[in-house]
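So the chains spell out like this:
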Amino acid sequence: MVEKVTVELPEELVRQVRTAASRTHRSFDEVLAEWIRRAGGEPVLEWLSDEELLAVCDDQPEASAEDALSDLLERNQEGSLGVDERLRLDEMMRTYRAGLVRKAQALKVAVNRGLRPRLN
């Protein structure tokens, strides 16, 4: 089911969505809906309880995921990855980077709340 919603957006955001839509050959509506879905996938850090926020700060990847990533990175340096493995490595790296960014953002919120010391 699709529901029509009217929203006022800043001009800069509209430009970004239009650019992304043009580059990916998709409609404005499709791109904006995807961005909203992605943004809604993770809770807003500022709304988390102190305990939940600290859990995000301290989150570590599972050992099996770290081992798989290390293996793929090593084999990539050797030049022995196939197409499917290269795609898997790319996806794992995106996930890893996104996790690092989320942890850094959580740490900033935790510092602002006085839950963690400021890094110098």
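For the structure itself, look to the data block above.
Here is a short report on the structure shown in this document. (Residues numbered from 1 in each chain as written. Predicted model: local features only at pLDDT ≥ 70, side-chain atom pairs only at ≥ 80, totals over all residues. Heavy atoms only, no water.)

This part covers the packing of helix H4 (residues 63-78) against helix H5 (residues 83-113). Their axes nearest at 10 Å, the elements H4 and H5 cross at an angle of 125°. As summarised for this structure, H4 and H5 are arranged oblique, according to the angle between their axes. Pair H4 / H5 crosses with left-handed handedness. Contact residues: H4 offers Ala65, Ala68, Leu69, Leu72, Leu73, Arg75 and Asn76, while H5 offers Glu85, Arg86, Arg88, Leu89, Met92, Met93 and Tyr96. (Axes fitted to C-alpha atoms, helices over the stretch in contact; angles between N-to-C directions. Helix = DSSP H or I, 4+ residues; strand = E, 2+ residues; numbered from the N terminus. Parallel < 35°, antiparallel > 145°, perpendicular 65-115°, else oblique. Left-handed = near helix turned anticlockwise from the far one by under 90°. Contact = heavy atoms within 4.5 Å.)

Okay, the pattern of salt bridges next. Should their charged atoms come close, side chains of opposite charge can pair. Counted under the stated rule, the structure contains 10 salt bridges. The salt bridge involving Arg15 is made with Glu11; its shortest N-O contact spans 3.9 Å. Placement of the pair is Arg15 and Glu11 together in helix H1 (residues 11-24), with a separation of four residues, close to one helical turn. Owing to a relative accessible area of 45%, Arg15 belongs among the partly exposed residues under this scheme. The exposure class assigned to Glu11 is exposed, which follows from its relative accessible area of 62%. Arg116 is the partner of Asp58 in a salt bridge, and the nearest nitrogen-oxygen pair spans 2.9 Å. One end of the pair, Asp58, is in helix H3 (residues 50-58); the other, Arg116, is in the segment after H5, and 58 residues separate them in sequence. (Salt bridge = Lys/Arg side-chain N within 4 Å of Asp/Glu carboxyl O. Buried < 20%, exposed > 50% of the residue type's maximum accessible area, 1.4 Å probe, protein only.)

Another point: the nonpolar core. Judged by nonpolar contacts, Leu45, Leu48, Leu53, Val56, Cys57, Ala106, Val109 and Ala110 together constitute the single largest core of eight residues. Elements supplying a minimum of two residues to this core: H3 and H5. Those residues in contact with Leu53, other than ones at most four positions away along the chain, are Leu45, Leu48, Ala106, Val109, Ala110, Arg113 and Leu115. If you look at the next biggest cluster of nonpolar residues, it comprises seven residues, including Leu72, Leu81, Leu89 and Met92. (Core = buried A, V, L, I, M, F, W, Y, C linked by side-chain atoms within 4.5 Å.)

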